[in-house]
Amino acid sequence: MSDMTVILLNNDGMGQAAPELRHKLISTYLQMLIDGDWKPAVICGYAEGVKLAVTGSPVLEQLKQLEASGVMILLCSTCLGFYELREQVQVGIVGGMHDIMEAQQRASKVITL
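Residues numbered from 1 in each chain as written. Predicted model: local features only at pLDDT ≥ 70, side-chain atom pairs only at ≥ 80, totals over all residues. Heavy atoms only, no water.

**Q** Help me understand helix α1 (residues 19-35) in this model?
**A** Note that an α-helix has 3.6 residues per turn; residues three or four places apart therefore point the same way. In this model, α1 (17 residues) spans 24 Å end to end at C-alpha, consistent with the 24 Å of a helix rising 1.5 Å per residue. Of the residues making up α1, those classed as buried are Arg22, Ile26, Leu30, Leu33 and Ile34. Relative to the axis of α1, the buried residues are bounded by an arc of 105 degrees and lie together on one face. Facing away from the buried side of α1, by more than 90 degrees, are the exposed residues Glu20, Lys24, Met32 and Asp35. Packed against the buried residues of α1 are β1 (5-9), β2 (42-45) and α2 (60-68). (Helix = DSSP H or I, 4+ residues; strand = E, 2+ residues; numbered from the N terminus. Expected span 1.5 Å × (residues − 1). Buried < 20%, exposed > 50% of the residue type's maximum accessible area, 1.4 Å probe, protein only. Arc of directions from axis to C-beta. Contact = heavy atoms within 4.5 Å.)

Here you go:
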């Protein structure tokens, strides 16, 4: 079951720890979403969060599974351009800040990881 919750990913992983721990934490979180009964409506990636949806991401398959289950994955075009990652996007749709703001405005709840 999904609701109008939006999850914001603004980091290459979860938290402010070493990269290995950040990746382990986000992997665990996403897997729990996949395995659980609840799913957010949208996951927005911006800033370094866009790195989770490109070639080489440690959580790429999990994001693909969430997208296949109906979760919209929305990526910041400006951020992808800044990191020169536009050609490496493997999951989700590329949008602008307007799209991210619209998702937040429609949300009943916004969670930043």
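**Q** How should I be thinking about the sheet that holds β2 in this particular structure?
**A** Neighbouring strands of a sheet are bound in pairs by backbone hydrogen bonds; such pairs are parallel or else antiparallel. Reading across from one edge, β4-β3-β2-β1-β5 is the order of the five strands in this open sheet, with parallel pairing throughout. The sheet is open, and its two borders are formed by β4 (93-95) and β5 (109-112), each paired with just one other strand. The average angle at which neighbouring strand axes cross in this sheet is 25 degrees, direction not considered. Across four bridges, β2 lies against strand β3 (residues 72-76) in parallel orientation. The residue of β3 that forms the bridge with Cys44 is Leu74. (Pairing = 2+ DSSP bridges. Axes fitted to C-alpha atoms, helices over the stretch in contact; angles between N-to-C directions.)

**Q** Would you mind showing me how to read the packing of aromatic side chains here?
**A** Given two aromatic rings, one states the distance between the centres and the angle between the planes to describe the pair. Inspection of every chain in the model, using the stated rule, returns one aromatic pair. Note on Phe82 and Tyr83: the rings are 5.1 Å apart at their centroids and 85 degrees apart in plane angle, and the pair reads as edge-to-face. Overall, the relative accessible area of 26% leaves Tyr83 in the partly exposed class. Between the NZ or CZ atom of Lys51 and the centre of the ring of Tyr83, over which it lies, the distance is 4.4 Å. (Phe/Tyr/Trp six-rings, centres within 6.5 Å; stacked < 30°, edge-to-face > 60°. Lys NZ or Arg CZ within 6 Å of the ring centre and 35° of its normal.)

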